Each structure stands twice: as structure tokens, then as C-alpha cells.
Amino acid sequence: MRIDIITVMPELLESPLNHSMMKRAQEKGLLEVHLHHLRQFAINKHGQVDDMQYGGGAGMVIMCEPLSKAIESLQAVRKYDEVIYLTPDGKTLNQPMANKLSLCENLLMICGHYKGIDQRIRDLYVTLEISIGDYVLSGGELAAAVLVDSIGRLIPGVLNDETSALTDSHQDGLLAPPVYTRPAEFKNLKVPDILLSGHFALIEAWRHEEALKRTAERRPDMIS
Ligand code: 6GU
């Protein structure tokens, strides 16, 4: 998969995308992430990419011209499965959306900043608007990093144990059960006996039971 990201703050994306799992995905050649600085497409030599909003009100808006140039220069080279705008008024990201996007070949992501981007860019180019939750971030970059991570780890071959994404919280509509590692006893707290029993079928049944219990307690909204 190839992901192109247009941003005014590429620095905010560099570290999260170049460590851990996303680093491995890229080293394995399974994921390519290309950052594009919107300033390259500024309207003047001062590097201007934003302006005051029509109708008045505080906050700058990212202008049509630089964004349109950036988007069209990328679309001239390849066809994108989705042009995604990261915005708090988008569709809230969930696991089914990440699963679906992980099957794409080419994604283009646009990070807003300040008050956002001119509505006409959304009307003309954007095919999908995504929010990562009901709270406000200073810009779309951290949200884009979250989105790339949630998608990138699902690309076949990225995770070490390919089955492990299947047992994530949310992947089967339930929260994940508790997990334990050595030692078998820590500060008087014991690992549940069943996990030491070696009975794989019983262990799976226990895990399912714990997942149900945890989901019912913490996220009753997820139990239909
Ligand atoms: Cl995608 N952008 C911003 N600026 N804030 C957010 C968000 C996105 N998702 C949740 N809050």
C-alpha cells in the first residue's frame, strides 16, 4: 500500500510513522508513506497557504489553490482509492473502517490546520472524511498518524503473528480479554489457573467469557 499525506506540519508525522510497527511495515516493503509539504505549493514567495475566512471570524483557512495543486500533482501520477480529509466533523474511525481501508492500494490523506480547509476542496476532491473521536485536536496530523497506524498494521505480513490482529479489541466486536506473562505470581496476585492448564479449548472458552464480561462492564453499548 502507498499512502500520500499532504500537510503543513510534516514534522508532526515523521516520528510516529518511522518507529515500531509502521517502521517495520515500510522496511518490509508492505507500506510506503510519502509526506508532501503544502508549502511547496504556496501562492507566493512568503510561503502563504492560508487566509482569513470570508464572513469574518477568528482563525485562518487553508486556501484552495495550494491544496488543489498538491492534490492534482499527485492524482496525475496515480489513481487513489480514497482521498481522505481528517476532520473532527468526519465519520468516526472504527475497526471496520480500518479493516476496509487496509485493502486499498493508494490512499491520499489531507491534514487540515487552523480552522480547516476551504469547503470547495472537500466538494471537489475529498471522497471520505474521517474523525478519530469526539474531541478537538490542533490539526489533522496526529489523527492521520492514528489512521495510518490503524490501517498499516492490518496489511498482511506487517504483524509478526498474522493471527494476532484477529484477537485485538474490537476486531470481533468485543474488547480483548486480560493477558498475563511471567511470573505466575506477582505481589500475591496469581495468573488464573486455567491459563497454566494447557487445555487450549478451555483457555479459548475462558478468554471468550472474559471478553464478554469486560465488554458488558466497560462498553455495554457494544453488546447488542
Ligand atoms: Cl481528524 N482532526 C482534528 N483537528 N481534530 C480531531 C480529529 C481530526 N478527530 C478528532 N479530533
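Rules used in this analysis
- Residues numbered from 1 in each chain as written.
- Predicted model: local features only at pLDDT ≥ 70, side-chain atom pairs only at ≥ 80, totals over all residues.
- Heavy atoms only, no water.
- Pairing = 2+ DSSP bridges.
- Helix = DSSP H or I, 4+ residues; strand = E, 2+ residues; numbered from the N terminus.
- Axes fitted to C-alpha atoms, helices over the stretch in contact; angles between N-to-C directions.
- Core = buried A, V, L, I, M, F, W, Y, C linked by side-chain atoms within 4.5 Å.
- Buried < 20%, exposed > 50% of the residue type's maximum accessible area, 1.4 Å probe, protein only.
- Near = heavy atom within 4 Å.
- Polar contact = N/O pair within 3.5 Å; in protein donor to acceptor, adjacent residues only side chain to side chain.
- Areas by Shrake-Rupley, 256 points an atom, 1.4 Å probe, with all protein chains shown as cover.
- Nonpolar A, V, L, I, M, F, W, Y, C, P; charged D, E, K, R; others polar.
- Contact = heavy atoms within 4.5 Å.
- Salt bridge = Lys/Arg side-chain N within 4 Å of Asp/Glu carboxyl O.
- Domains from an automatic or database assignment.

Mind laying out the sheet that holds strand β5 (residues 82–92), listing which residues take part and the relevant values?
Pairing within the open sheet is parallel, and its five strands lie in the order β2-β1-β6-β5-β7. The two strands at the open ends of the sheet, each matched to only one other strand, are β2 (32–37) and β7 (128–131). Across this sheet, the average inter-strand angle for adjacent strands is 30°, counted without regard to direction. As judged from the six bridges shared by strand β1 (residues 2–7) and β2, these two strands associate in the parallel manner. Of the residues in β2, the one forming a bridge with I3 is V33.

Tell me about the nonpolar core, and please be specific about residues and values.
Of all hydrophobic cores here, the largest spans 27 residues; its most connected members are I5, L31, L107, M109, L147 and V148. Among the secondary structure elements, those contributing two or more residues to this core are β1, α1 (11–17), α2 (20–27), β5, α4 (95–101), β6 (106–111) and α6 (141–152). One finds F41, A70, I110 and V126 within the second-largest nonpolar core, a separate group that totals 20 residues.

With reference to specific residues and values, describe the site of the ligand.
Taken together, the neighbourhood of the ligand is formed by L86, T87, P88, I130, S131, I132, G133, Y135, L137, G139 and A143. Interatomic distance of 3.0 Å between a backbone N/O atom of L137 and a nitrogen atom of the ligand. Backbone polar atom of G139 to a nitrogen atom of the ligand: 3.5 Å apart, as the coordinates give it. Expressed as a share of its isolated accessible area of 290 Å², the protein-covered part of the ligand is 96%. Every element with two or more residues in the shell around the ligand is listed here: β5 and β7. Counting residues per element, the shell around the ligand draws most heavily on β5, at three residues. Grouping the constituent residues of the shell around the ligand by class yields seven nonpolar, four polar and no charged.

Could you give an account of the pairing of β1, naming the residues involved and the relevant values?
In terms of residue burial, β1 counts as a mostly covered element, since six of its six residues are buried. Residues R2, D4 and I6 point to one face of β1 and I3, I5 and T7 to the other, with burial holding for every one of them. In this sheet, β6 lies alongside β1 in parallel orientation, the contact comprising five bridges. Residue pairing for β6: R2 is matched across the bridge by N106.

How would you explain the side chain of D4 if you had to name every residue and give the values?
Mapped onto the elements, D4 comes out in strand β1. Judged by relative accessible area, D4 falls into the buried class, the value being 0%. A polar contact is formed between the side chain of D4 and the side chain of Y80, at a distance of 2.7 Å. When neighbours within four sequence positions are excluded, D4 is seen to be in contact with H34, H36, L74, R78, Y80, L107, L108 and M109.

Mind laying out the pattern of salt bridges, listing which residues take part and the relevant values?
Between side chains of opposite charge, pairing is possible as soon as their charged atoms come close. Scanning the model with the defined rule gives 10 salt bridges in all. Between D118 and R120 there is a salt bridge, with its nearest N and O atoms 2.8 Å apart. Residue R207 pairs with E204 through a salt bridge whose shortest N-O separation is 3.2 Å. With a gap of three residues between them, R207 and E204 both fall in helix α8 (residues 200–218), about one helical turn apart. Owing to a relative accessible area of 34%, R207 belongs among the partly exposed residues under this scheme.

I'd love a proper account of the domain arrangement of the protein chain, names of residues and values included.
What the domain assignment lists for the protein chain is domain 1 (2–152) and domain 2 (167–223). Taken over C-alpha atoms, the centre of domain 1 sits 37 Å from the centre of domain 2.

Summarise the environment of Y180; cite the residues concerned and give the values.
Tracing the sequence through the fold places Y180 in the loop between α6 and β8 (185–186). In sequence terms Y180 and R120 are 60 residues apart; their C-alpha atoms lie 51 Å from each other. Once you skip the residues sitting within four places of it in the chain, Y180 turns out to touch V191, P192, L195 and W206.

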